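So the chains spell out like this:
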Amino acid sequence: MLTERWKIYTYQTVESTMDQAAQLIGQEDQFAILAYDQTKGRGRYNRKWGSLAGNLYTTLAFKPSQPCHTWGQISFVAALAVGEVIQHYLSKSQNSQKINYKWPNDLLIAGHKVSGILLEIIDSSWLLVGVGINLQNSPVGLQYIATSLKEVGGEVPLPGEALSLLTAHFTVKMNILETKGFSEIRAIWLKAAACLGEGIEVTLRKKEMIEKIRGKFIDLDEEGRLLLELPNKEVKKISAGDIFLLWD
Ligand code: ATP
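Residues numbered from 1 in each chain as written. Predicted model: local features only at pLDDT ≥ 70, side-chain atom pairs only at ≥ 80, totals over all residues.

**As for the overall build of the protein chain**
And then number 1: Scanning the protein chain from terminus to terminus reveals four helices and 12 strands.
And then number 2: Reported as C-alpha extents along the three principal axes, the dimensions of the protein chain are approximately 50 × 40 × 35 Å.
And then number 3: Going through the 248 residues of the protein chain one by one, you find that 37% of them count as buried.
And then number 4: The contacts of the protein chain with a sequence gap of at least 6 include a subset with a gap of at least 24, amounting to 63%. (Helix = DSSP H or I, 4+ residues; strand = E, 2+ residues; numbered from the N terminus. Buried ≥ 20, exposed ≤ 12 C-beta atoms within 10 Å, placed from the backbone. Contact = placed C-beta atoms within 7 Å.)

As structure tokens, this is what we get:
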């Protein structure tokens, strides 16, 4: 069970909060890295995470008590915790914009990405949960438009303040996962899932090969896999990939 006590290591600049956390593993049972800047922030598949001033860059590190093969569920726990943080600062400025969760690990406001989550496992015993939240700034020129709390008119906290709220919500939600299982987390996530019930295209990566398949996003299973109904009604379980909404 996680406790509310997270040891926070704060840095002005790191290459990436993930790499910094990996170096400190074993120092504490549960800790977080907070960096004001990253020179090599990364997302999935080593994609660049744009790290502009004033945003939150953090990695939470701990040893989950659940079996390692279920840790993918923790990405949804993290998404809900990030959702609570963003909702808090939107509500403070009476902003009623809706947050959506985009499978597997992004948060959107009005369809624009405001946060990304990255999970990495170390030695099959430690889990690193990387979180970037655009508080003050968002990068321009990406394939899809990004946004920030400031741009949508939310109250903008200092990164350390947002991190305190994040660790608090993450701890509560992890304890729900531990005591009640994934179904409650899954149900909350599904209520605000982007593209649910819609036609999507999924890009799958197998070594150097890329495969694109189209279908309807019908559900999330108990392992956090996306269930895609193909045109022939067969249901395919997707455990990793990128999804895009099809407008036609
Ligand atoms: P997507 O579905 O948006 O491609 P992903 O889950 O594969 O996302 P991540 O691994 O979470 O992506 O993050 C990397 C991608 O996120 C980059 O390729 C870029 O498109 C986008 N990105 C990078 N920095 C930011 C940022 N600060 N805010 C929003 N989006 C970002």
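**Description of the site of the ligand**
And then number 1: Residues in contact with the ligand amount to 19 residues; listed here are only the nearest, Gly-43, Arg-44, Gly-50, Gly-116 and Ala-146.
And then number 2: Residues that form the shell around the ligand fall into these classes: five nonpolar, eight polar and six charged. (Near = placed C-beta within 6 Å. Nonpolar A, V, L, I, M, F, W, Y, C, P; charged D, E, K, R; others polar.)

**Considering the packing of helix α2 (residues 73–92) against helix α3 (residues 159–180)**
And then number 1: Where α2 meets α3, the closest approach of the two axes is 8 Å, and the angle between their N-to-C directions is 135 degrees. It follows that α2 is oblique to α3 by the angle criterion. Two packed elements cross with a definite hand, and for α2 against α3 that hand is right-handed. Of α3, the residues touching α2 (which contributes Gln-73, Val-77, Ala-78, Leu-80, Ala-81, Val-82, Glu-84, Val-85 and His-88) are Ala-162, Leu-165, Leu-166, His-169, Phe-170, Lys-173, Met-174 and Leu-177.
And then number 2: For the contact of α2 with α3, a count of residues per class yields 12 nonpolar, three polar and two charged. (Axes fitted to C-alpha atoms, helices over the stretch in contact; angles between N-to-C directions. Parallel < 35°, antiparallel > 145°, perpendicular 65-115°, else oblique. Left-handed = near helix turned anticlockwise from the far one by under 90°.)

**Quick word on the nonpolar core**
And then number 1: Of all hydrophobic cores here, the largest spans 57 residues; its most connected members are Val-77, Ala-78, Ala-79, Val-82, Ile-86 and Ile-133.
And then number 2: The contact partners of Val-82, leaving out residues within four places of it in the chain, are Leu-107, Ser-115, Ile-117, Val-131, Ile-133 and Leu-166. (Core = buried A, V, L, I, M, F, W, Y, C linked by C-beta atoms within 7 Å.)

**Thoughts on the domain arrangement of the protein chain**
And then number 1: Domains assigned within the protein chain are domain 1 (7–191) and domain 2 (199–245).
And then number 2: Each of domain 1 and domain 2 has a C-alpha centre, and the two are 24 Å apart.
And then number 3: Contacts between the two partners involve 10 residues from domain 1 and, on the opposite side, six residues from domain 2.
And then number 4: Ranked by the residues each element gives to the side of domain 1 that touches domain 2, the list is headed by helix α4 (residues 182–191), at four residues.
And then number 5: Among the residues making up the side of domain 1 that touches domain 2, the classes are represented as six nonpolar, three polar and one charged. (Domains from an automatic or database assignment.)

**Quick notes on the pairing of strand β8 (residues 199–206)**
And then number 1: Direction of pairing for β8 relative to strand β9 (residues 209–220): antiparallel, over a ladder of eight bridges. Pairing of Lys-206 across the sheet is with Met-209, part of β9.
And then number 2: Counting the residues that bridge the hairpin from β8 to β9 gives two residues, and of these Lys-207 lies at a positive phi of roughly 50 degrees.
And then number 3: Bridge count between β8 and strand β12 (residues 242–245): four bridges; the pairing is antiparallel. Bridge pairing in β12 places Val-202 opposite Ile-243. (Pairing = 2+ DSSP bridges.)

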